[in-house]
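Structure assessment
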Amino acid sequence: DAICPDSELLILESEAHSVWVNSKILENHNITDETPDIVPGLSYYVRKDGHVTGNVYEAAGWRFLFDHLKNLTDEQIEAAVNRWIKDSERFGVSCVFDAGFPEHNELHERVYAYLRDLDKKGKLPVYVDGCYVLTRPEKMKEAVEETKRFSREFDTEHLKVHTLKIFMDGTLKIHTAALVTPYEDDGSVGATTFDKEGIAELLMLLNEAGLDL
(Lines give C-alpha, C1' and ligand atoms only; values in the text may rest on other atoms or scores of the structure.)
Protein backbone atom coordinates (compact mmCIF):
# COMPACT_ATOMS: atom_id res chain seq x y z
CA ASP A 1 0.00 0.00 0.00
CA ALA A 2 2.87 2.38 0.73
CA ILE A 3 4.21 1.80 -2.78
CA CYS A 4 0.87 1.93 -4.60
CA PRO A 5 -2.26 2.87 -2.63
CA ASP A 6 -4.57 3.98 -5.45
CA SER A 7 -4.13 1.38 -8.25
CA GLU A 8 -4.13 -2.42 -8.26
CA LEU A 9 -0.71 -3.93 -7.52
CA LEU A 10 0.05 -7.67 -7.56
CA ILE A 11 3.40 -9.32 -6.95
CA LEU A 12 3.68 -12.93 -8.12
CA GLU A 13 5.76 -15.52 -6.28
CA SER A 14 8.15 -17.37 -8.61
CA GLU A 15 6.22 -20.67 -8.61
CA ALA A 16 2.91 -18.81 -9.20
CA HIS A 17 1.30 -20.52 -6.20
CA SER A 18 1.02 -17.38 -4.07
CA VAL A 19 0.72 -13.63 -4.53
CA TRP A 20 1.06 -10.37 -2.63
CA VAL A 21 -1.67 -7.82 -3.40
CA ASN A 22 -2.41 -4.34 -2.12
CA SER A 23 -5.61 -3.15 -0.45
CA LYS A 24 -7.00 -1.87 -3.76
CA ILE A 25 -7.20 -5.41 -5.14
CA LEU A 26 -8.79 -6.73 -1.95
CA GLU A 27 -11.31 -3.91 -2.07
CA ASN A 28 -12.16 -4.41 -5.75
CA HIS A 29 -12.75 -8.13 -5.16
CA ASN A 30 -14.72 -7.62 -1.94
CA ILE A 31 -12.19 -9.51 0.19
CA THR A 32 -12.56 -8.64 3.87
CA ASP A 33 -11.46 -10.10 7.21
CA GLU A 34 -14.69 -12.13 7.18
CA THR A 35 -14.13 -13.70 3.74
CA PRO A 36 -13.90 -17.50 4.19
CA ASP A 37 -10.86 -19.37 2.91
CA ILE A 38 -11.37 -21.66 -0.09
CA VAL A 39 -9.51 -24.56 1.59
CA PRO A 40 -8.09 -23.72 5.04
CA GLY A 41 -4.35 -24.36 5.17
CA LEU A 42 -4.12 -24.70 1.39
CA SER A 43 -5.99 -22.00 -0.55
CA TYR A 44 -6.35 -19.14 1.87
CA TYR A 45 -5.84 -15.50 2.81
CA VAL A 46 -2.92 -15.06 5.18
CA ARG A 47 -4.11 -13.22 8.27
CA LYS A 48 -2.40 -11.43 11.15
CA ASP A 49 -4.38 -10.76 14.31
CA GLY A 50 -7.50 -11.72 12.35
CA HIS A 51 -6.89 -9.24 9.53
CA VAL A 52 -6.11 -10.15 5.89
CA THR A 53 -2.54 -9.13 5.02
CA GLY A 54 -2.59 -9.18 1.23
CA ASN A 55 -0.57 -12.42 1.06
CA VAL A 56 -2.77 -15.01 -0.65
CA TYR A 57 -2.07 -18.70 -1.30
CA GLU A 58 -3.03 -21.05 -4.12
CA ALA A 59 -6.53 -20.87 -5.67
CA ALA A 60 -7.54 -17.97 -3.43
CA GLY A 61 -5.05 -15.83 -5.35
CA TRP A 62 -5.75 -17.06 -8.86
CA ARG A 63 -8.94 -15.02 -9.01
CA PHE A 64 -6.75 -11.90 -8.85
CA LEU A 65 -4.04 -13.21 -11.13
CA PHE A 66 -6.36 -14.23 -13.96
CA ASP A 67 -9.43 -12.06 -13.35
CA HIS A 68 -9.29 -10.33 -16.74
CA LEU A 69 -9.44 -13.59 -18.71
CA LYS A 70 -13.22 -13.33 -18.64
CA ASN A 71 -12.91 -10.15 -20.70
CA LEU A 72 -11.09 -11.80 -23.61
CA THR A 73 -12.91 -11.41 -26.91
CA ASP A 74 -13.57 -14.31 -29.27
CA GLU A 75 -11.08 -12.71 -31.67
CA GLN A 76 -8.34 -12.66 -29.03
CA ILE A 77 -8.93 -16.31 -28.14
CA GLU A 78 -8.94 -17.36 -31.79
CA ALA A 79 -5.74 -15.43 -32.51
CA ALA A 80 -3.96 -17.03 -29.55
CA VAL A 81 -5.13 -20.55 -30.45
CA ASN A 82 -4.11 -20.09 -34.08
CA ARG A 83 -0.63 -18.90 -33.04
CA TRP A 84 -0.31 -22.00 -30.85
CA ILE A 85 -1.39 -24.28 -33.71
CA LYS A 86 1.20 -22.76 -36.03
CA ASP A 87 3.94 -23.18 -33.42
CA SER A 88 2.85 -26.77 -32.77
CA GLU A 89 3.13 -27.59 -36.46
CA ARG A 90 6.50 -25.82 -36.69
CA PHE A 91 7.98 -27.76 -33.75
CA GLY A 92 6.35 -31.10 -34.57
CA VAL A 93 3.93 -31.24 -31.62
CA SER A 94 1.23 -33.78 -32.43
CA CYS A 95 -0.62 -34.29 -29.11
CA VAL A 96 -1.09 -32.28 -25.91
CA PHE A 97 -2.86 -32.59 -22.58
CA ASP A 98 -4.50 -29.30 -21.66
CA ALA A 99 -4.07 -29.15 -17.88
CA GLY A 100 -6.64 -26.45 -17.33
CA PHE A 101 -7.02 -22.99 -15.86
CA PRO A 102 -8.08 -23.12 -12.19
CA GLU A 103 -11.19 -21.12 -11.33
CA HIS A 104 -11.73 -20.32 -15.03
CA ASN A 105 -13.54 -23.25 -16.63
CA GLU A 106 -15.62 -20.75 -18.61
CA LEU A 107 -12.48 -19.80 -20.54
CA HIS A 108 -11.81 -23.48 -21.17
CA GLU A 109 -15.24 -23.94 -22.62
CA ARG A 110 -14.72 -21.06 -25.05
CA VAL A 111 -11.32 -22.41 -26.13
CA TYR A 112 -12.66 -25.95 -26.55
CA ALA A 113 -15.64 -24.68 -28.54
CA TYR A 114 -13.29 -22.97 -30.97
CA LEU A 115 -11.07 -26.07 -31.23
CA ARG A 116 -14.15 -28.21 -31.87
CA ASP A 117 -15.26 -25.89 -34.67
CA LEU A 118 -11.79 -25.94 -36.20
CA ASP A 119 -11.71 -29.74 -36.11
CA LYS A 120 -15.10 -30.00 -37.81
CA LYS A 121 -13.63 -27.87 -40.60
CA GLY A 122 -10.54 -30.10 -40.79
CA LYS A 123 -8.26 -27.36 -39.48
CA LEU A 124 -7.05 -28.83 -36.16
CA PRO A 125 -3.82 -30.81 -36.81
CA VAL A 126 -3.02 -31.48 -33.13
CA TYR A 127 -4.71 -34.00 -30.84
CA VAL A 128 -5.97 -32.18 -27.73
CA ASP A 129 -6.82 -34.10 -24.56
CA GLY A 130 -8.69 -31.64 -22.33
CA CYS A 131 -10.01 -31.48 -18.79
CA TYR A 132 -12.27 -29.72 -16.32
CA VAL A 133 -10.60 -28.23 -13.22
CA LEU A 134 -11.77 -28.48 -9.60
CA THR A 135 -10.28 -26.46 -6.71
CA ARG A 136 -13.19 -26.32 -4.23
CA PRO A 137 -14.32 -29.53 -2.47
CA GLU A 138 -17.91 -28.31 -2.08
CA LYS A 139 -18.23 -28.22 -5.88
CA MET A 140 -17.23 -31.87 -6.36
CA LYS A 141 -20.56 -33.19 -7.68
CA GLU A 142 -21.07 -30.13 -9.86
CA ALA A 143 -17.59 -30.63 -11.32
CA VAL A 144 -18.29 -34.28 -12.13
CA GLU A 145 -21.47 -33.28 -13.96
CA GLU A 146 -19.64 -30.53 -15.83
CA THR A 147 -16.89 -32.96 -16.83
CA LYS A 148 -19.60 -35.26 -18.21
CA ARG A 149 -21.03 -32.33 -20.18
CA PHE A 150 -17.61 -31.32 -21.51
CA SER A 151 -17.05 -34.95 -22.53
CA ARG A 152 -20.31 -34.96 -24.51
CA GLU A 153 -19.90 -31.55 -26.12
CA PHE A 154 -16.21 -31.72 -27.01
CA ASP A 155 -15.76 -35.01 -28.78
CA THR A 156 -14.30 -34.77 -32.27
CA GLU A 157 -11.48 -36.62 -34.02
CA HIS A 158 -8.73 -34.45 -32.54
CA LEU A 159 -10.44 -33.12 -29.40
CA LYS A 160 -11.52 -35.17 -26.36
CA VAL A 161 -12.37 -34.12 -22.81
CA HIS A 162 -12.66 -36.99 -20.32
CA THR A 163 -10.59 -35.90 -17.33
CA LEU A 164 -11.34 -34.06 -14.09
CA LYS A 165 -8.23 -32.34 -12.75
CA ILE A 166 -8.14 -31.49 -9.06
CA PHE A 167 -5.72 -29.38 -7.06
CA MET A 168 -5.12 -31.80 -4.21
CA ASP A 169 -2.34 -29.80 -2.53
CA GLY A 170 0.31 -27.20 -3.29
CA THR A 171 4.10 -26.77 -3.22
CA LEU A 172 6.92 -27.37 -0.77
CA LYS A 173 8.23 -23.83 -1.10
CA ILE A 174 5.23 -22.21 0.59
CA HIS A 175 4.31 -25.21 2.79
CA THR A 176 1.05 -25.96 0.97
CA ALA A 177 2.31 -29.37 -0.18
CA ALA A 178 0.79 -32.08 2.02
CA LEU A 179 3.39 -34.18 3.84
CA VAL A 180 3.42 -37.26 6.06
CA THR A 181 6.56 -36.07 7.86
CA PRO A 182 6.12 -32.49 9.14
CA TYR A 183 8.09 -29.54 7.77
CA GLU A 184 11.20 -29.14 9.90
CA ASP A 185 10.93 -25.39 10.46
CA ASP A 186 7.36 -25.10 11.77
CA GLY A 187 6.03 -28.64 12.30
CA SER A 188 3.09 -28.23 9.89
CA VAL A 189 2.12 -30.90 7.38
CA GLY A 190 0.29 -28.84 4.76
CA ALA A 191 -3.29 -29.56 3.74
CA THR A 192 -5.32 -31.34 1.07
CA THR A 193 -8.44 -30.32 -0.81
CA PHE A 194 -10.11 -33.67 -0.07
CA ASP A 195 -9.84 -36.06 2.85
CA LYS A 196 -9.62 -39.80 2.15
CA GLU A 197 -13.42 -40.25 2.21
CA GLY A 198 -13.87 -37.35 -0.21
CA ILE A 199 -11.29 -38.58 -2.70
CA ALA A 200 -12.76 -42.09 -2.55
CA GLU A 201 -16.23 -40.72 -3.32
CA LEU A 202 -14.82 -38.66 -6.19
CA LEU A 203 -13.02 -41.66 -7.65
CA MET A 204 -16.19 -43.74 -7.52
CA LEU A 205 -18.29 -41.03 -9.20
CA LEU A 206 -15.74 -40.62 -11.98
CA ASN A 207 -15.32 -44.38 -12.44
CA GLU A 208 -19.08 -44.81 -12.78
CA ALA A 209 -19.07 -42.14 -15.49
CA GLY A 210 -16.05 -43.60 -17.31
CA LEU A 211 -13.99 -40.49 -16.60
CA ASP A 212 -10.36 -40.04 -15.55
CA LEU A 213 -8.84 -38.20 -12.61
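Heads up: the structure comes first, above all this text.
A brief report on the enclosed structure follows.

Definitions and limits used
- Residues numbered from 1 in each chain as written.
- Predicted model: local features only at pLDDT ≥ 70, side-chain atom pairs only at ≥ 80, totals over all residues.
- Heavy atoms only, no water.
- Helix = DSSP H or I, 4+ residues; strand = E, 2+ residues; numbered from the N terminus.
- Buried < 20%, exposed > 50% of the residue type's maximum accessible area, 1.4 Å probe, protein only.
- Lys, Arg positive; Asp, Glu negative; His and termini not counted.
- Salt bridge = Lys/Arg side-chain N within 4 Å of Asp/Glu carboxyl O.
- Polar contact = N/O pair within 3.5 Å; in protein donor to acceptor, adjacent residues only side chain to side chain.
- Contact = heavy atoms within 4.5 Å.
- Axes fitted to C-alpha atoms, helices over the stretch in contact; angles between N-to-C directions.
- Parallel < 35°, antiparallel > 145°, perpendicular 65-115°, else oblique.
- Left-handed = near helix turned anticlockwise from the far one by under 90°.
- Nonpolar A, V, L, I, M, F, W, Y, C, P; charged D, E, K, R; others polar.
- Pairing = 2+ DSSP bridges.
- Right-handed = clockwise from strand over helix to strand, strands pointing away.

1. What about the side chain of Glu58?
Locating Glu58 in the fold gives a position in the loop between β4 (51–57) and α2 (59–65). No salt bridge is formed by the buried Glu58. Its closest oppositely charged neighbour is Lys165, at 10 Å. At 2.7 Å, the side chain of Glu58 and the side chain of Thr176 are in polar contact. Once residues lying within four places of it in the same chain are set aside, the contact partners of Glu58 are His17, Ser18, Leu42, Ser43, Gly170, Thr171, Ile174 and Thr176.

2. Quick word on the packing of helix α5 (residues 140–153) against helix α6 (residues 196–209)
Taken N-terminus to C-terminus, the directions of α5 and α6 make an angle of 20 degrees; their axes are 11 Å apart at the nearest point. Relative to α6, the element α5 is oriented roughly parallel. Our pair here, α5 against α6, has a crossing hand that is right-handed. Contacts between α5 and α6 involve Met140, Lys141, Val144 and Lys148 from the former and Gly198, Glu201, Leu202, Leu205, Leu206 and Ala209 from the latter. The residue inventory of the contact of α5 with α6, partitioned by class, reads six nonpolar, one polar and three charged.

3. A look at the pairing of strand β3 (residues 45–48)
Sheet faces and side chains relate simply in a regular strand, where the side chains alternate between the two faces. Where β3 lies against β4, three bridges are found, and the strand directions are antiparallel. Bridge pairing links Arg47 to Val52 in β4. Here β3 folds back onto β4 in antiparallel fashion, the turn holding two residues, of which Asp49 has a positive phi close to 55 degrees.

4. Notes on the pairing of strand β6 (residues 127–134)
Across the eight residues of β6, six count as buried, placing the element largely inside the fold. Pairing of strand β5 (residues 95–97) with β6 involves three bridges; the strand directions are parallel. The partner of Cys95 across the bridge, within β6, is Tyr127. A crossover links β6 with its parallel partner strand β7 (residues 159–166), the connecting element being α5, and its sense is right-handed.

That's the geometry; what it means functionally is another story.
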